[in-house]
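Here is how the chains run, residue by residue.
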Amino acid sequence: MTVRSRIIVSVWAGLAALLLVPSLSVAQQENTWAEIRSTVIGESVPGDGTGRLTLVAPSRAEDAAIVPIELRVTVPDDDAGRVTKITLVVDENPAPVAAVFQLRDGQKTFDMATRVRIDSYTFVRAVATMDDGRLYMTKTYVKAAGGCSAPAAKDPVEAKARLGEMRFRVFADRGDAQVQVRHPNYSGLQMDQVTRHYTPAWFIDKLDVRQGEKTLFSMEGGISISEDPTFRFTYGSTGEPVTIEARDTEGQVFKKIFPGSGT
Amino acid sequence: MSARHRTGQAWECSVLIWLLAGPGAYAQAPPEPEGYRLEEYRAPTPLTLKGATVIGTPEAEALWRQGNAVFIDVMPQPQRPANLPAGTLWHAPSRDSIPRAVWLPNVGYGVLTPETEAYFRHGLSVAAQADHSRPLVLFCQRNCWMSWNAAKRALRYGYSVVYWYPEGTDGWKDAGLPVERAERSP
């Protein structure tokens, strides 16, 4: 081997090693899912969600406390099944199950978008449960850190003054609507830098959105859902009023009824 | 030599420089702040820390093999809030660290609770066997201000020989050095 070719080989070996580093660390991160999987979804092995369930998230988030996540359900026409539940998991968050969305009668196509806290570089994954029990999973890697402990954007006094205020906006042209509930959604990991104490966890753990008697979706949420929980979802008004009911971890219930056309 | 060869050589050369400099060298290092870093801990760190010696992996390895310095891992680990709803799945990420390092999580935040402050002082004192001249090596992972904050804090506590190892376990693992599962110090 000539000196020149040795240099080339060593350059390529170095480059290959460098390229391997990220893939190795990614492989390592998957260990967390292996550890929590059975607790989150049981023993069933989920199928590849490609083409049925899409998860859109930034690969590098600007603000780890409000990382936008979008879930898109698209069950193929030749599949009779419907999606009845979507579980959103942030592997490396200390409470990895961010939210569980129930779609009562099941959906063939449905979009849901929200904002979550991300504590360290992680896979974010979604698992769709079909009405016949089949599971499909999709995942994406997000580089963001410190989202669970980041101080609240609003001061506690303002947050309390507006606690439980709700908005329901309809975007008929896009075929969706947005629900927002004012709540600090404290994760329990945020320190008040003035008092130097952790603010206790306090967040919306149940949300129910109905049109007339029909539940559009309901959600069970954890500490990963961002301050002022916001959900944008596929919506077509029937003209009936929309009821939003939220409950927080202190048992407070917030309820408001809106016209089906929004505010 | 043909033009094609020259281009190839130039390209190989630039790859080599990039490899030597390390991809991190392309992210700009911020200047050293006066106080502690208070937010966005996962970001490029300064090249310096006043009063401390900044070391790379070869120096860290030498200190580790020599065995006198105490390695302090400050990688954060969230603690379960007392009032989470029953049944909430809690899974604090595990930590693979430099063998024999003492893991003192959460001591690298910009502001500490009085309890965490006491935990850090006590943890360092036990690890250094109450000897303030015992060399300390503080680290977490690459682009993590927590080790910078913690090293600054150790200096404030009166430790006189403080090494800051900014590459942390990332640099350590990249060099093929061993890591082992760490348990947080009680």
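Predicted, not measured: the structure shown is a model, and the values here were computed from it.

Quick notes on the pairing of strand β3 (residues 67-74) of chain A
On any regular strand, side chains alternate: one points to one face of the sheet, the next to the other face.
Residue and element names in this part refer to chain A.
Part 1 of the argument: Burial along β3 is one-sided: the residues V67, I69, L71 and V73 are buried and none of P68, E70, R72 and T74 is.
Part 2 of the argument: Where strand β2 (residues 53-56) lies against β3, four bridges are found, and the strand directions are antiparallel. Bridge pairing in β3 places V56 opposite E70.
Part 3 of the argument: Here eight bridges tie β3 to strand β6 (residues 109-116), and the two strands are oriented antiparallel to one another.

Things to note about the domain arrangement of chain A
Residues and elements named next belong to chain A.
Part 1 of the argument: One can read the domain layout of chain A as domain 1 (1-93 + 115-148) and domain 2 (151-263).
Part 2 of the argument: The interface is formed by eight residues belonging to domain 1 together with seven residues belonging to domain 2.
Part 3 of the argument: Its residues assigned to classes, the side of domain 1 that touches domain 2 comprises five nonpolar, one polar and two charged.

Brief notes about the sheet that holds strand β4 (residues 102-103) of chain B
Residue and element names in this part refer to chain B.
Part 1 of the argument: Pairing is parallel in the open sheet, where five strands are placed in the order β1-β6-β5-β2-β4. Both edges of this open sheet fall to β1 (53-54) and β4, since each of them pairs with a single strand only.
Part 2 of the argument: Note that strand β2 (residues 70-73) and strand β5 (residues 136-139) share four bridges and pair parallel. Residue pairing in the sheet places V70 in a bridge with L136 of β5.

Rules behind the numbers
- Throughout this description, residue numbers start from 1 for each chain and increase along the sequence as written.
- Numbering of ligands from 1 and lettering of chains from A proceed in the order in which they are written.
- Where local features are concerned, this predicted model is filtered to residues with pLDDT of at least 70; where side-chain atom pairs are given and counted, the filter is 80 or more; whole-chain, interface and lining totals use all residues.
- Three exposure classes are used, based on other C-beta atoms lying within 10 Å of a residue's own C-beta, which is placed from the backbone: buried for 20 or more, exposed for 12 or fewer, and partly exposed in between.
- Starting at the N terminus, helices and strands are each numbered in turn, a helix being any DSSP run of H or I of at least four residues and a strand any DSSP run of E of at least two.
- Strand pairing is defined by DSSP finding a minimum of two bridges between the two strands.
- Reported domain spans reflect what an automatic or database domain assignment gives.
- Distance between backbone-placed C-beta atoms decides contact: two residues are in contact if it is within 7 Å.
- Polar here means any residue other than Ala, Val, Leu, Ile, Met, Phe, Trp, Tyr, Cys and Pro, which are nonpolar, and Asp, Glu, Lys and Arg, which are charged; Gly is therefore polar.

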